[in-house]
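# Architecture and fold: a report
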Amino acid sequence: MGHETGTPAPDQSPATPDPAVDDEAPLEVTLPGDAYLSEQAWRRERERIFLRQWVCVGREETIPHAGDYLQVDVAGESVLVVRDKDGSLNGFYNVCRHRGAQLVSEEAPAVPDGAAPCRSGRFRGAIVCPYHAWTYALSGELRQARFLDERHGLRREQLALHEAGVAAWGGFVFVHLTPREAEPLAGQLGHVPENLRRYPLDRLRTARRITYDVAANWKVLAENYNECYHCGPVHPELCDLVPAFRENGGAELDWEGGVPHREGAWTFTASGTSDRQPFPGLSAEERVRHKGDLVYPNLLISCSADHVAAFVLRPDGPGRTVVTCDFLFDPDEMRRPGFDPSDAVEFWDVVNRQDWKICESVQRGMSARPFDTGYYAPMEDAALDIRRYIRDRLGET
């Protein structure tokens, strides 16, 4: 599908100078096309990013009690996140130390309205392999191997489950598949907790979930989220609600301070209003503005005054990304008679589908024979982050 960067296609005449790279005012170039198209690029990202960075896998609320587990797919690795008896979270590769059977079959029921690689359930006090019934504590230590003991060479202390790192922030659960190399999650979160500190993220609960199967590279989705140059052509309804997204190609938006809605509007619904109350504790600006942040590599957070849309990207090769979107609300509002999140969910669904459609078009277009690299317009400064992020972690220039 891809092509070798910098190699002329057969039968093409020599390229003419590209005005976009004029020496006086050159546009910044994107990552090369193969970074979005090739299996080799995806394998490098899988190994150096998704297996060696904190990756968001879901919400803590899905595993509230001792023994509850979440089985997730992280770049092709099946992982269990388990609630221990003391309330802590533990992470393990979904594989028995005996003969390699999966501890939780991937034929188990999926989380309602969830992505296929995301399932939840409950262990009854211990983790029991379905093959030969080796039994592990919720903390991962081997408790029992049927009919075996030290006389047979069994060393329980050497046969704990293979560990995955687990950390949580704002109600979101992250795993690290090379825990011996893991730095604290706080370093990867960067400025995000401070910028969103007044939003009660850890208290919020999922009222609705939509899962999208997008035929595009995960970086295309992340770059699209990180800029609003596209908002005018792609999102007419969104720009009616937030005119600043259309003005001057979305240049000079104050993402950290929040982006204002049109006069009289204060949340992401078609009307711009809601009968839900804003989150308590927000600043005066946050009660009428919208904030968004991206936690690399795969969590997108969009905060309105009364709800949050949280997107978890699950790459499946270079050309497919499963996106799980949780719509989060204050539980007090959710308990109120007549609570209905549809006004926010339906508005977001329109915007999301517009994004996924154009991202799929980008993915298809990049496979064209002459495509070598794209360009960033000046108002797309934030989109440059992913170029730096990828190059830093892949050791490339």
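No experiment lies behind these values; they were computed from the predicted model shown.

### Re the sheet that holds strand S13 (residues 259-260)
Read from one edge of the open sheet, six strands run S12-S17-S16-S15-S14-S13, paired in antiparallel fashion. Each having just a single partner strand, strand S12 (205-214) and S13 make up the two edges of the open sheet. Strand direction decides the pairing type here: strand S16 (residues 308-315) and strand S17 (residues 321-329), joined by eight bridges, are antiparallel. Each bridged residue has a counterpart across the sheet, and for Val-312 the counterpart in S17 is Thr-324. Those strands touched by helix H9 (residues 342-366) are S12, strand S14 (289-295), strand S15 (299-303), S16 and S17, and its axis lies near 20° from that of S12.

### Topic: the layout of surface pockets
The space that makes up the largest pocket amounts to roughly 800 Å³. If you trace the largest pocket, you find 42 residues lining it, with Tyr-225, Asn-226, Gly-292, Asp-293 and Leu-294 closest to the centre. For the lining of the largest pocket, the secondary structure elements donating two or more residues are helix H3 (185-189), helix H5 (218-225), S14, S15, H9 and helix H10 (384-394). For the lining of the largest pocket, a count of residues per class yields 20 nonpolar, 13 polar and nine charged. Space inside the second largest pocket adds up to approximately 470 Å³. For the second largest pocket, the lining is made up of 19 residues, of which Glu-223, Glu-227, Val-362, Tyr-375 and Glu-380 are closest to its centre. Listed by contribution, the elements that provide at least two residues to the lining of the second largest pocket are H5, H9 and strand S18 (373-376). Take the lining of the second largest pocket: its biggest share by element is four residues, from H9. For the lining of the second largest pocket, the class distribution of residues is 12 nonpolar, four polar and three charged.

### Focus on the state of the cysteines
Put plainly, a disulfide is one covalent bond tying together the sulfur atoms of two cysteines. For the coordinates displayed, the defined rule picks out one disulfide. One disulfide in the model links Cys-228 with Cys-231; its S-S distance is 2.0 Å. Looking down the S-S bond of the Cys-228 and Cys-231 bridge, the torsion is -100°, so its handedness is left-handed. Of the two residues, Cys-228 and Cys-231, both sit in the buried class. Of the cysteine sulfurs around Cys-239, a residue in no disulfide, the closest is that of Cys-231, at 5.3 Å. With relative accessibility at 0%, the residue Cys-239 sits in the buried group.

### A look at empty space enclosed by the protein
Scanning all chains against the criterion turns up three cavities of 30 Å³ or more. Along its surface, the second largest cavity is lined by Phe-50, Val-55, Cys-56, Val-57, Asp-73, Val-74, Ala-75, Asn-298, Leu-313, Arg-314 and Pro-315. Mapped by element, the contributors of at least two residues to the lining of the second largest cavity are strand S2 (55-59), strand S3 (68-74) and S16. Of the residues contributing to the lining of the second largest cavity, the split by class is eight nonpolar, one polar and two charged.

### Topic: the packing of aromatic side chains
For any pair of aromatic rings, geometry is given as the distance between the ring centres together with the angle between the planes. Under the defined criterion, the tally for this structure stands at 12 aromatic pairs. Their ring planes at 40° and their centres at 5.2 Å tell us that Phe-268 and Trp-348 sit as a pair that is tilted. Residue Phe-268 is located in the loop between S13 and S14, and its partner Trp-348 is located in helix H9; the two are separated by 80 residues in the primary sequence. As far as burial versus exposure is concerned, Phe-268 and Trp-348 are alike and both buried. In textbook terms, an aromatic cluster arises when at least three aromatic residues are bridged by ring pairs, as seen for Tyr-212, Phe-268, Phe-311, Phe-347, Trp-348 and Trp-356. In this arrangement the basic side chain of Arg-59 is found over the ring face of Phe-172, its NZ or CZ atom lying 4.5 Å from the centre. Its guanidinium or amino end placed over the ring of Tyr-36, Lys-219 lies 5.0 Å from that ring's centre, counting from NZ or CZ.

### Thoughts on the sheet that holds strand S9 (residues 142-144)
Taking strand neighbours across the sheet as the criterion, the three strands line up as S7-S8-S9 in an open arrangement whose pairing is antiparallel. Taken across any chain shown, the strands that pair with only one partner, and hence form the sheet edges, are strand S7 (127-128) and S9. Of the strand pairs in this sheet, S7 and strand S8 (residues 135-136) are connected by two bridges, and their pairing is antiparallel. Its bridge partner being in S8, Ile-127 is matched across the sheet by Tyr-136.

Rules behind the numbers
Residues numbered from 1 in each chain as written. Predicted model: local features only at pLDDT ≥ 70, side-chain atom pairs only at ≥ 80, totals over all residues. Heavy atoms only, no water. Pairing = 2+ DSSP bridges. Helix = DSSP H or I, 4+ residues; strand = E, 2+ residues; numbered from the N terminus. Contact = heavy atoms within 4.5 Å. Axes fitted to C-alpha atoms, helices over the stretch in contact; angles between N-to-C directions. 1 Å grid on protein atoms, 1.4 Å probe; cavity = no way out; pocket = protein on both sides within 12 Å on 5 of 7 lines; lining within 4 Å. Points joined across faces, edges and corners; volume = space filled by probe spheres on them. Nonpolar A, V, L, I, M, F, W, Y, C, P; charged D, E, K, R; others polar. Disulfide = S-S within 2.5 Å. Buried < 20%, exposed > 50% of the residue type's maximum accessible area, 1.4 Å probe, protein only. Phe/Tyr/Trp six-rings, centres within 6.5 Å; stacked < 30°, edge-to-face > 60°. Lys NZ or Arg CZ within 6 Å of the ring centre and 35° of its normal.

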